[in-house]
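Close look at the chain arrangement
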Amino acid sequence: MKNFTDDSTESEYRGNALRKLLAYMKPYLGWFFLCLILILALTGLDLYRPMLIGDAIDLFEAEGNYDVIVDTAIKYSVVLALGFVFNITQAWILQKTGQKIIFTIRRELYLHIQSLSSRFFDLTPVGKLVTRVTNDVEALSEMYSGILVRLFRNIVKILGLAGVMLFLDRKLALISFALLPLVAALTVLFRRIARETYRLSRTRLTDLNTFLSENISGMRIIQIFGREKRKFQEFDDRSGKLYRAYYKEMMVFAIFRPLIYLLSVLSLMVVLGVGSREVLGGSISIGVLYIFAQYIQSFFDPIQELAEQFSTLQSSLASAEKIFAILEEEPQVREPENPVILPRILGRIEFSHVWFAYDGENYVLRDVSFVIEPGQKVAFVGATGAGKTSILNLIGRYYDIQRGTITIDGTDIRLLSKKQLRSAIGQMQQDVFIFQGTIESNIRLYNESITREDVKQAAEYVNASRFIEKLPRGYEEPVSERGATFSAGERQLLSFARTLAHKPAILVMDEATANIDTETELLIQEALQKLMEGRTTIMVAHRLSTIQHADCIMVMHKGKIRERGTHQELLARNGIYKKLYELQIHHDVTA
Ligand code: DCP
Ligand code: MG
């Protein structure tokens, strides 16, 4: 995250954001150009309309001819109609291109988030990312489909109005501009305050979203521990802060607008006062006075809008900064430039003097070395926090190690494409994640090469078909996010089917500690045996009964492999494993 300490780096950063935002307009430059032309034309029409009437007034006064009125009415209608068409076309182009750009950015953002590594997600709250992809991108939309063009329009309009006024009557024009310094001062003040309030409301909104996404996911825990009241207070506090931030923002606008209006009325009064004298004195016509009166009103509007647009522009830039900060976030686990393509992965895994820390120097694995031959079954055991799950995460390269090497079939995994590496590994995690969709879509996970038949076979093979076929709609049964409508055992079986259907060469499994009833347990054991057939298997086991037949058991302790061997060998060694085993036996007897 970037922290701004002094103003220069901030404006520099803003400049960068603006440049990048403008770069997105490149494919649509033709359209934007057309828009600018339309706007010039529209401004011309805006300037012309009061003149038309002013002239008519003068002519009518001089000649008293009714034809002038009819003539002017016709001209006026044409001008109005043209303006209408231009306006619609311009708005249409802007909305279309603006939304297109937003769509592109949203897309890039999601693609990029997908490419980021586990560490990023370990550290970033979900609600924050959701806010970036939705609210912040939305804030940009204002900029593309409004601000830039209206900014241009208002500047052109102000210059045009001032020019015509000076041309018509210098003295009256200067009188009209007398209050401008005051307006400028107000505008600067407004911008400063508006920026602060806006930034505040954005931060508060992110806070609220982060809170919501976390606490709705964790609602169960809140209810279990009866913390509804406490959490509600927290929510209410954040929501209240957001309310106050929005309120402040509204207040700033609510005060600024009428103030500018007041100044415009003051100017108008002065101009009418001085102007009518001049009309009486005969130095200007009543038509010119009419034009001035009209212009002053349309002079202050764009000024007020300009100030507001600058503040919106700034808020868009603030959002843009946050979006680009994510887009610039480098994936920590990098794809190799020229990945080695292995024709087939057999599944020989070797860790050689691996040192690994999630964070700085806090090593979670220290000098870990082992070899697993294709088809071997290896189990890791050890106390909680010993680093078992971490080893499994390293095999699929979800994190990069600091020292040592990890190879698969003799090739350093950092040289393989992540896609090839990961598709060779069937990784089952401690908690099974189920996506919204159907049973079938959850087993297949959008892999087109897996047929309906494969899905069924996989499910049958791992004993999942029994409960699936009992569901009213079988494989078509809709499942909700996180699969809350299934039991833990059912979710396990589903994840087995999912893994099997993808036919990995290597099986990586983190045994869930959740208690499962004996019958399901037997089903799972049987399914596991089938899954492991002919595959290199690495598993973390909490129940030592499940690993007695493993080819090798590694006992982890504080990031090191302290003992290794078969069940019998380890028991004979009379070390940590023996102790663990005896504890469990004792536990099982007393339980
Ligand atoms: N850790 C971390 N960041 C993560 C995951 C873990 O800093 N994203 C730390 C917490 C632990 C250490 O790494 O102190 C080892 O964690 P493991 O998940 O590897 O531990 P185990 O899998 O051995 O423990 P358990 O048996 O509880 O699953
Ligand atoms: Mg673990």
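**What about the sheet that holds strand β1 (residues 349-357)?**
What the four strands build is an open sheet, ordered β2-β1-β4-β5; its pairing is antiparallel. Sheet topology places β2 (363-372) and β5 (411-412) at the edges, where each strand pairs with a single neighbour. Relative to strand β4 (residues 403-408), β1 runs antiparallel, the two being bridged by five bridges. Note that in β4 the partner of Trp355 across the bridge is Arg403. Helix α11 (residues 388-395) contacts β1, β2 and β4 of the sheet and is inclined by roughly 115° relative to β1.

**Some details on the pairing of β4**
Side-chain direction in a regular strand flips from residue to residue, so the side chains alternate between the two faces of the sheet. Bridge analysis of β4 against β5 gives two bridges, and the strand direction is antiparallel. Bridging across to β5, Ile408 finds its partner in Thr411. Hairpin remark: β4 followed by β5, antiparallel, with two residues in the connecting loop; positive phi at Asp409, about 50°.

**Structural notes on the domain arrangement of the protein chain**
Each domain of the protein chain was delimited in the assignment, giving domain 1 (14-327) and domain 2 (349-590). On a C-alpha basis, the centres of domain 1 and domain 2 stand 56 Å from each other. Counting residues at the interface gives six residues for domain 1 and six residues for domain 2. Between domain 1 and domain 2, a total of about 440 Å² is buried, with carbon and sulfur atoms accounting for 36% of that surface. The interface formed by domain 1 and domain 2 includes zero salt bridges. Applying the counting criterion to the domain 1 and domain 2 interface returns three residue pairs in polar contact (both at pLDDT 80 or more). At three residues, helix α4 (residues 118-123) tops the list of elements feeding residues into the side of domain 1 that touches domain 2. Of the residues that constitute the side of domain 1 that touches domain 2, the class distribution is no nonpolar, four polar and two charged.

Rules used in this analysis
- Per-chain numbering applies: the sequence of each chain, read as written, is numbered from 1 onward.
- Here chains are named by letter from A upward and ligands by number from 1 upward, in the order in which they appear as written.
- It should be noted that, the model being predicted, local features are given only for residues of pLDDT at least 70 and side-chain atom pairs only at 80 or more, the latter also being counted only at that level, while totals for whole chains, interfaces and linings use all residues.
- Excluded from the side-chain calculation are hydrogens and water; included are all heavy atoms of the structure.
- One requirement defines pairing of two strands: DSSP has to find at least two bridges between them.
- Put simply, DSSP H or I for four residues or longer makes a helix, DSSP E for two residues or longer makes a strand, and each gets a number counted from the N terminus.
- By the convention used here, residues are in contact when the closest approach between their heavy atoms is within 4.5 Å.
- Axes here refer to lines fitted to C-alpha atoms; in helices the fit is confined to the stretch in contact. Angles between the N-to-C directions go from 0 to 180 degrees.
- Each domain's extent is set by a domain assignment, obtained either automatically or from a database.
- As used here, buried area is the combined drop in accessible area, with a 1.4 Å probe, of two parts when they are placed together.
- The salt bridge criterion pairs a side-chain nitrogen of Lys or Arg with a carboxyl oxygen of Asp or Glu, the two atoms within 4 Å.
- Within 3.5 Å is the distance limit for a polar contact, defined as a pair of N or O atoms, with the added protein rule that one can donate a hydrogen and the other accept it, and that residues adjacent in sequence qualify only through two side-chain atoms.
- Gly is put with the polar residues, along with every residue not named as nonpolar or charged; the nonpolar set is Ala, Val, Leu, Ile, Met, Phe, Trp, Tyr, Cys and Pro, and the charged set is Asp, Glu, Lys and Arg.

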